[in-house]
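Per-entry structural report
One letter stands for each residue in the lines below.
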Amino acid sequence: MTKFTYHLNQDNIELQASNWCGLERVFINGKMVSRKFNFGLQSMHDVLLNNGNKCRFQLVVDPQTELVSCRIYKQNQLVTILKQGKKQLQQSQLLIETTLVIVFIGMLSLYWLG
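We now turn to the structure provided with this report.

**Some thoughts on the packing of aromatic side chains**
Between two aromatic rings, the relevant description is the distance of the centres plus the angle of the planes. A complete count under the given rule lists one aromatic pair for this structure. Pairing Tyr111 with Trp112 gives two aromatic rings, centres 5.6 Å apart and planes at 75°, and the pair type is edge-to-face. Under the relative-accessibility criterion, Tyr111 is labelled exposed at 61%.

Here it is as C-alpha coordinates:
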(Lines give C-alpha, C1' and ligand atoms only; values in the text may rest on other atoms or scores of the structure.)
Protein backbone atom coordinates (compact mmCIF):
# COMPACT_ATOMS: atom_id res chain seq x y z
CA MET A 1 0.00 0.00 0.00
CA THR A 2 1.35 3.36 -1.00
CA LYS A 3 0.21 6.33 1.11
CA PHE A 4 0.61 10.01 0.48
CA THR A 5 -0.39 12.49 3.18
CA TYR A 6 -0.50 16.25 2.88
CA HIS A 7 -1.94 19.18 4.83
CA LEU A 8 -3.70 21.66 2.56
CA ASN A 9 -4.96 24.70 4.46
CA GLN A 10 -7.09 23.22 7.25
CA ASP A 11 -7.59 19.86 5.53
CA ASN A 12 -5.63 16.69 6.22
CA ILE A 13 -5.47 14.77 2.94
CA GLU A 14 -4.46 11.14 2.48
CA LEU A 15 -4.30 9.20 -0.75
CA GLN A 16 -3.93 5.43 -0.53
CA ALA A 17 -3.11 3.21 -3.50
CA SER A 18 -2.86 -0.56 -3.30
CA ASN A 19 -0.18 -2.07 -5.47
CA TRP A 20 -1.91 -5.46 -5.06
CA CYS A 21 -5.58 -4.95 -5.94
CA GLY A 22 -5.51 -1.56 -7.69
CA LEU A 23 -7.81 0.16 -5.19
CA GLU A 24 -7.19 3.88 -4.75
CA ARG A 25 -8.87 5.95 -2.06
CA VAL A 26 -8.76 9.63 -1.13
CA PHE A 27 -9.53 10.73 2.44
CA ILE A 28 -10.09 14.30 3.60
CA ASN A 29 -9.98 14.69 7.38
CA GLY A 30 -10.51 10.95 7.77
CA LYS A 31 -13.59 10.79 5.52
CA MET A 32 -13.33 8.87 2.24
CA VAL A 33 -14.31 11.20 -0.60
CA SER A 34 -13.18 9.21 -3.64
CA ARG A 35 -12.29 5.65 -4.57
CA LYS A 36 -11.71 3.66 -7.71
CA PHE A 37 -9.83 0.71 -9.12
CA ASN A 38 -6.87 1.45 -11.35
CA PHE A 39 -4.37 -0.91 -12.92
CA GLY A 40 -2.76 1.62 -15.24
CA LEU A 41 0.24 3.89 -14.85
CA GLN A 42 -1.82 7.03 -14.24
CA SER A 43 -5.08 8.02 -12.57
CA MET A 44 -6.93 11.11 -11.34
CA HIS A 45 -9.31 11.90 -8.51
CA ASP A 46 -11.31 15.14 -8.54
CA VAL A 47 -12.80 16.06 -5.16
CA LEU A 48 -14.24 19.07 -3.37
CA LEU A 49 -12.50 20.27 -0.22
CA ASN A 50 -14.53 21.24 2.84
CA ASN A 51 -14.32 24.91 1.83
CA GLY A 52 -15.83 24.10 -1.60
CA ASN A 53 -12.60 24.44 -3.60
CA LYS A 54 -11.91 21.86 -6.29
CA CYS A 55 -8.88 19.66 -5.75
CA ARG A 56 -7.29 17.11 -8.13
CA PHE A 57 -4.99 14.23 -7.24
CA GLN A 58 -2.99 12.69 -10.04
CA LEU A 59 -1.07 9.46 -9.48
CA VAL A 60 1.69 8.67 -11.96
CA VAL A 61 3.98 5.62 -12.03
CA ASP A 62 7.23 5.87 -13.97
CA PRO A 63 7.76 2.34 -15.35
CA GLN A 64 11.52 2.83 -15.77
CA THR A 65 12.34 4.02 -12.25
CA GLU A 66 9.23 2.56 -10.52
CA LEU A 67 8.84 5.95 -8.82
CA VAL A 68 5.27 6.79 -7.80
CA SER A 69 4.32 10.47 -7.85
CA CYS A 70 1.22 12.14 -6.46
CA ARG A 71 0.53 15.57 -7.92
CA ILE A 72 -1.92 17.73 -5.99
CA TYR A 73 -3.73 20.53 -7.78
CA LYS A 74 -5.95 23.13 -6.15
CA GLN A 75 -8.20 25.05 -8.53
CA ASN A 76 -6.12 23.76 -11.49
CA GLN A 77 -2.83 25.03 -10.05
CA LEU A 78 -0.10 22.60 -9.01
CA VAL A 79 0.39 22.75 -5.23
CA THR A 80 2.93 19.98 -4.68
CA ILE A 81 4.40 16.74 -5.98
CA LEU A 82 4.88 13.92 -3.48
CA LYS A 83 7.09 10.97 -4.46
CA GLN A 84 7.75 7.45 -3.26
CA GLY A 85 10.36 5.17 -4.70
CA LYS A 86 10.86 1.48 -5.20
CA LYS A 87 12.15 0.98 -1.65
CA GLN A 88 8.83 2.03 -0.05
CA LEU A 89 6.89 -0.25 -2.42
CA GLN A 90 9.14 -3.20 -1.61
CA GLN A 91 8.77 -2.59 2.14
CA SER A 92 4.98 -2.52 1.75
CA GLN A 93 4.97 -5.74 -0.26
CA LEU A 94 7.28 -7.45 2.25
CA LEU A 95 5.00 -6.49 5.15
CA ILE A 96 1.93 -7.87 3.35
CA GLU A 97 3.72 -11.07 2.37
CA THR A 98 5.02 -11.61 5.92
CA THR A 99 1.54 -11.07 7.35
CA LEU A 100 0.04 -13.56 4.91
CA VAL A 101 2.67 -16.19 5.78
CA ILE A 102 2.04 -15.74 9.52
CA VAL A 103 -1.73 -16.05 9.03
CA PHE A 104 -1.27 -19.15 6.87
CA ILE A 105 1.02 -20.79 9.45
CA GLY A 106 -1.49 -19.91 12.18
CA MET A 107 -4.32 -21.50 10.21
CA LEU A 108 -2.26 -24.64 9.60
CA SER A 109 -1.42 -24.84 13.30
CA LEU A 110 -5.10 -24.61 14.22
CA TYR A 111 -5.94 -27.29 11.67
CA TRP A 112 -3.29 -29.69 13.00
CA LEU A 113 -4.25 -29.06 16.63
CA GLY A 114 -7.97 -29.47 15.95
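Still to come is the rest of the account.
**Re a nonpolar patch on the surface**
On the surface, Val101, Phe104, Ile105, Leu108, Tyr111 and Trp112 cluster together to form a nonpolar patch covering roughly 720 Å² of accessible area. Position of Tyr111 among the secondary structure elements: in helix α1 (residues 86-113).

**Focus on the pattern of salt bridges**
According to the stated counting rule, one finds one salt bridge in the structure shown. Between Asp46 and Arg56 there is a salt bridge, with the nearest N and O atoms lying 2.7 Å from each other. Residue Asp46 is located in strand β5 (residues 42-48), and its partner Arg56 is located in strand β6 (residues 54-62); the two are separated by 10 residues in the primary sequence.

**So, the pairing of strand β8 (residues 77-84)**
Relative to β8, strand β7 (residues 67-74) runs antiparallel, the two being bridged by seven bridges. Within the sheet, the bridge partner assigned to Ile72 lies in β8 and is Thr80. Linking β7 back to β8 in an antiparallel pair, the connection comprises two residues, with Gln75 at a positive phi of about 50°.

**A word on the sheet that holds β5**
Taken in spatial order, the four strands of this open sheet run β5-β6-β7-β8, and their pairing is antiparallel. Each of the sheet's edge strands pairs with one partner strand only, and the pair in question is β5 and β8. Here the average twist between neighbouring strands, direction ignored, is 15°.

**Considerations on the pairing of strand β2 (residues 11-17)**
With five of seven residues buried, β2 lies mostly within the body of the structure. Looking at chain direction, strand β1 (residues 2-8) and β2 are connected through seven bridges and run antiparallel. Each residue of the ladder has a partner; that of Phe4, found in β2, is Leu15. Counting the residues between successive antiparallel strands, the hairpin from β1 to β2 contains two residues, one of them, Asn9, with a positive phi of roughly 55°. With five bridges joining them, β2 and strand β3 (residues 23-28) adopt antiparallel strand pairing. Within the sheet, the bridge partner assigned to Ile13 lies in β3 and is Ile28.

Quick notes on the rules
- Residues numbered from 1 in each chain as written.
- Predicted model: local features only at pLDDT ≥ 70, side-chain atom pairs only at ≥ 80, totals over all residues.
- Heavy atoms only, no water.
- Phe/Tyr/Trp six-rings, centres within 6.5 Å; stacked < 30°, edge-to-face > 60°.
- Buried < 20%, exposed > 50% of the residue type's maximum accessible area, 1.4 Å probe, protein only.
- Patch = residues over 30% accessible without salt bridge, like charges linked within 9 Å, V, L, I, M, F, W, Y side chains within 5 Å.
- Areas by Shrake-Rupley, 256 points an atom, 1.4 Å probe, with all protein chains shown as cover.
- Salt bridge = Lys/Arg side-chain N within 4 Å of Asp/Glu carboxyl O.
- Helix = DSSP H or I, 4+ residues; strand = E, 2+ residues; numbered from the N terminus.
- Pairing = 2+ DSSP bridges.
- Axes fitted to C-alpha atoms, helices over the stretch in contact; angles between N-to-C directions.

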